[in-house]
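Coordinate analysis (summary)
One letter stands for each residue in the lines below.
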Amino acid sequence: MYTALQSAHSIFAYIVLTILFLASLNAIMGVVSKKLFSDKDLRLSLFALILSHMQLLIGLILYFVSPKGSAMLGEMKDAGMRLTSLEHPLINIIALVLITIGWSKHKKEESHNGKFKKIAIFYSIGLLLILSRIPWSSWLS
């Protein structure tokens, strides 16, 4: 079960990062070009939100099943163990909170440019946080 969850979490991460990047880029382009916030923009942002939350759910299940997750929480001297047991889950939860806040704030915004700004700021910060805490050494090998 652990290896299947780990593979799903890793493979799904590529999809989530791609969609989150596209949603952020789309919002930035919307701010720059001052276009109207359309249904396509709404769907892309919502899809990024949903996929990010699904990835978090898979990650949280994996965290409690994995030997590198909650079982290694006290291993702060080893950088690799600290990354997988504390930094990666904590920062990704914070990133998802920011993405969710961006989604909520964009719904309350009346102007099209304001909607794009909220999505661009919060989704981009969330994406950067996620990218900063990916265990690249184990992920790319």
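Scroll up to find the structure this text is about.
Residues numbered from 1 in each chain as written. Predicted model: local features only at pLDDT ≥ 70, side-chain atom pairs only at ≥ 80, totals over all residues. Heavy atoms only, no water.

**Observations concerning the overall build of the protein**
- Scanning the protein from N- to C-terminus turns up five helices and zero strands.
- What you see in the protein, going N to C, is helices and strands ordered as α-α-α-α-α.
- Considering only C-alpha atoms, the protein reaches an extent of 50 × 25 × 25 Å along its principal axes.
- Scored against the burial criterion, the 141 residues of the protein give a buried share of 38%.
- Here the analysis covers contacts within the protein between residues at least 6 apart in sequence; of these, 72% occur between residues at least 24 apart. (Helix = DSSP H or I, 4+ residues; strand = E, 2+ residues; numbered from the N terminus. Buried < 20%, exposed > 50% of the residue type's maximum accessible area, 1.4 Å probe, protein only. Contact = heavy atoms within 4.5 Å.)

**Remarks on the packing of helix α1 (residues 2-33) against helix α4 (residues 112-132)**
- Across the interface, α1 lies against α4 with an axial gap of 8 Å and an inter-helix angle of 145 degrees. Two packed elements cross with a definite hand, and for α1 against α4 that hand is left-handed. Contacts from L17, L20, F21, A23, S24, N26, A27, I28, G30 and V31 of α1 reach α4 at N113, F116, K117, I119, A120, Y123, S124, L127, I130 and L131.
- Class assignment of the residues belonging to the contact of α1 with α4 gives a composition of 14 nonpolar, five polar and one charged. (Axes fitted to C-alpha atoms, helices over the stretch in contact; angles between N-to-C directions. Left-handed = near helix turned anticlockwise from the far one by under 90°. Nonpolar A, V, L, I, M, F, W, Y, C, P; charged D, E, K, R; others polar.)

**Digging into the side chain of H9**
- For H9, the location among the structural elements is in helix α1.
- Given a relative accessible area of 16%, H9 falls into the buried group.
- Dropping the residues within four chain positions of it, H9 is found in contact with Q55, I58, G59, L62 and H88.

**Re helix α3 (residues 79-108)**
- Taking 1.5 Å as the rise per residue, α3 with 30 residues should run 44 Å; its terminal C-alpha atoms sit 41 Å apart, in good agreement.
- Residue E87 marks the point of greatest curvature in α3, where the axis turns by about 40 degrees; the proline P89 follows within four residues.
- Regarding α3, the residues found buried are M81, L83, S85, H88, P89, N92, A95, L96, I99, G102, W103 and H106.
- Where the residues of α3 are buried, they touch α1, α2 (39-65) and α4. (Expected span 1.5 Å × (residues − 1). Bend = angle between axes of the 7 residues up to and from the residue.)

**Structural notes on α4**
- In a regular helix each residue adds 1.5 Å, so 21 residues correspond to 30 Å; α4 covers 30 Å between its end C-alpha atoms and thus fits that length.
- Buried within α4 are the following residues: G114, K115, F116, I119, A120, F122, Y123, S124, G126, L127 and I130.
- Summarising the contacts, the buried residues of α4 are in contact with α1, α2 and α3.

**Considering the packing of aromatic side chains**
- Summed over all chains, the structure comprises two aromatic pairs.
- On the numbers, 5.0 Å between centres and 65 degrees between planes, the contact of F37 with F116 is edge-to-face. You can see F37 sitting in the loop between α1 and α2 and its partner F116 sitting in helix α4, a full 79 residues away along the chain. Across this residue pair, the class does not change: F37 and F116 are buried.
- Both rings, one in Y63 and one in F64, keep their centres 5.1 Å apart while their planes meet at 80 degrees; by these two values the pair is edge-to-face. (Phe/Tyr/Trp six-rings, centres within 6.5 Å; stacked < 30°, edge-to-face > 60°.)

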